[in-house]
Amino acid sequence: MNQFKGVFLGKVAPPCIRAVNSQKCVRVGGKHNDLEVVGTDGHHHTFFEMLGNWSFGDYYKKEACQMAWDLLLGPYRLKPEDLVVTYFSGDAIIGLPEDRECRDIWKSIGVAPSRLKGLGAADNFWEMGTTGPCGPCTEIHYVNPDGSLTEIWNLVFIQCNRETDGSVKQLSRHHVDTGMGLERMATILQQVPSNYDTDLFQPIIKAIEKNSKDVSPYTGSYKSDALLDCAYRRLADHARMISVCLADGVFPASSLNLKQIMRKSFKISTDIFKNPNLLPLLYDEVVQTLGSTYPELISKAPDAKVIMEHEGQAYAKMRAGLVKKWKELVVVYPEVEAMGDVEMAGFPLGYKEFKETMSKHNSTIVPGELVFKLYDTHGFQEDIIQRIADLNNLTIDKKGFWKLLSKHKQRHKTSFKEQNSNKGLLFDESIDNLLKNGYKSTDDSHKYNYEV
Ligand code: ATP
Ligand code: MG
Ligand code: MG
Ligand code: MG
């Protein structure tokens with residue numbers, strides 16, 4: 001929704017008053033970070049496609065709810081008893097009352113009161129980030145055969161803006177932004193148990209099965225062991241995310257998130273599936289399932305594979321060095337063994353700095369500055385920082401961290417744009433250079449304390 005922010009805030013005239021779209025979504029950091037959940041369930045991905053319809057000051061709640069219901073019950077042939085609907089039950093801090101209008105709309109559409117539930121801000125007040133357009137939302141959930149619910153569609157009524165001072169102000173015009181998870185809807189329509197059983201993921205899972213070597217002591221195929229299945233799901237998910245990002249021109253050298261997810265994938269490929277070269281093979285499967293929709297996956301395939309291979313080699317080198325350093329670290333800080341994870345980027349130096357700083361810091365809260373340093377200088381992802389805090393019975397100052405992170409991203413964006421401003425499309429030119437000159441990851445070895 002980023003490109004429409006100005007429209008919602010009334011600063012830019014809308015390009016049209018209604019729109020429908022499909023967005024590529026990656027949720028691996030910040031407010032909507034799903035990275036840790038991925039693989040543990042069947043419906044959260046790092047990359048997914050979100051289908052949506054938009055109203056820029058045109059239709060509002062009544063029409064949005066009616067259209068969603070008509071699509072689900074009409075062409076998609078769902079039954080009302082398959083669905084549960086939630087709406088905003090109000091929040092004193094935000095200063096908004098229960099969204100009775102929304103509740104009554106659903107009632108008049110025919111949703112039974114027993115299938116209609118009011119929920120608080122955590123579930124039914126949608127926010128883009130720490131600031132920006134926001135508003136009450138209403139969510140449609142699918143009732144799985146085991147009775148559990150999967151959220152399929154979120155209808156957001158954009159009527160507010162979260163200001164930098166944290167207050168929520170009303171906007172002069174009202175808008176609609178809805179998001180439906182394509183993979184989740186595919187699961188329902190294909191009548192399979194999880195997103196990984198749909199035709200979007202099955203070819204990738206089959207390719208992992210076919211190309212993995214000696215995955216004993218398991219039988220080796222998907223759905224033979226709970227832990228192994230989680231690895232299958234993670235790798236299949238990450239392969240899509242990495243492929244789509246590389247084809248879009250995101251570089252692991254400039255995106256720490258991408259770099260770390262690539263490393264996680266190399267780790268799974270090496271440790272579980274005993275084939276460090278799975279990623280380039282899986283790229284071809286992603287092309288098979290998504291290439292016709294996103295042709296850049298096809299045109300950028302050679303570049304993407306060069307990057308994958310380069311990063312794979314760098315990973316193998318790094319790993320050899322880290323195993324040695326890890327062994328030294330465990331002697332000084334025996335609790336580290338419980339992390340069980342040899343190859344967190346920058347771990348030995350970062351952990352030492354963390355322990356030394358916290359021993360001087362008289363508090364059980366890890367300050368935002370230290371969290372940011374672990375992230376930026378030592379290359380730790382948020383989930384790993386959380387695990388380090390848990391291991392030491394500490395909590396982390398997330399707000400302080402996010403503030404520093406958003407400042408850093410702003411700076412990074414500006415300098416990246418400046419560097420590339422004369423080169424036409426922001427990333428495409430870099431890809432061409434890459435092919436001409438060969439790919440070389442930024443020399444950030446000093447940052448992560450490993451030898452690339
Ligand atoms: P959930 O509660 O399941 O985490 P959400 O409330 O965070 O979902 P929204 O931000 O409302 O999700 O996004 C709109 C829709 O996008 C969701 O209704 C869902 O269908 C889909 N979606 C959200 N997150 C993911 C994800 N990580 N992987 C796949 N689909 C997702
Ligand atoms: Mg979520
Ligand atoms: Mg939700
Ligand atoms: Mg939602």
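Refer to the structure above for everything that follows.
Residues numbered from 1 in each chain as written. Chains lettered and ligands numbered in written order. Predicted model: local features only at pLDDT ≥ 70, side-chain atom pairs only at ≥ 80, totals over all residues.

*Asks:* When you look at unusual backbone geometry in this model, what are you seeing that I'm missing?
*Replies:* Its identity is not glycine, yet Gln 191 carries a phi of approximately 50°, on the positive side. Within the chain, Asn 393 stands out as a residue other than glycine whose phi angle is a positive 55°. Along the chain, Asn 393 turns up in the loop between α14 (382-391) and β10 (395-396). Of the residues examined, Asn 393 has 7 C-beta atoms within 10 Å and is grouped as exposed. (Helix = DSSP H or I, 4+ residues; strand = E, 2+ residues; numbered from the N terminus. Buried ≥ 20, exposed ≤ 12 C-beta atoms within 10 Å, placed from the backbone.)

*Asks:* I would appreciate a short explanation of the nonpolar core in the present structure.
*Replies:* The tendency in soluble globular proteins is for nonpolar side chains to be buried as a group. Counting 62 residues, the largest nonpolar core has Ala 236, Ile 242 and Val 371 as its most contacted members. With twelve residues, the top contributor of residues to this core is helix α7 (residues 226-247). Residue contacts for Val 371: discarding those within four places in its chain leaves Val 366, Ile 385, Ile 396, Asp 397 and Phe 401. Listed in part, the 34 residues of the second largest apolar core include Ala 64, Val 85, Ile 105 and Cys 160. (Core = buried A, V, L, I, M, F, W, Y, C linked by C-beta atoms within 7 Å. Contact = placed C-beta atoms within 7 Å.)

*Asks:* Would you mind going over the site of ligand 1 with me for this structure?
*Replies:* Close to ligand 1 lie 17 residues, the nearest being His 45, Phe 48, Asn 154, Gly 179 and Gly 181. Secondary-structure elements contributing two or more residues to the shell around ligand 1 are β2 (47-55), β7 (149-162), β8 (168-181) and α5 (182-189). Per-element accounting of the shell around ligand 1 gives the leading share, four residues, to β7. Within the shell around ligand 1, the residues separate by chemical class into five nonpolar, seven polar and five charged. (Near = placed C-beta within 6 Å. Nonpolar A, V, L, I, M, F, W, Y, C, P; charged D, E, K, R; others polar.)

*Asks:* Looking at this structure, how should I read the pairing of β2?
*Replies:* Each regular strand displays side chains that alternate between the two surfaces of the sheet. Bridging between strand β1 (residues 18-26) and β2 involves nine bridges; their strand directions are antiparallel. Within β2, the position partnered with Lys 24 by the bridge is Glu 49. Pairing between β2 and β8: four bridges, direction antiparallel. Paired with Met 50 across the two strands is Gly 181, which belongs to β8. (Pairing = 2+ DSSP bridges.)

Spatial relationships are all this shows, so hold off on functional conclusions.
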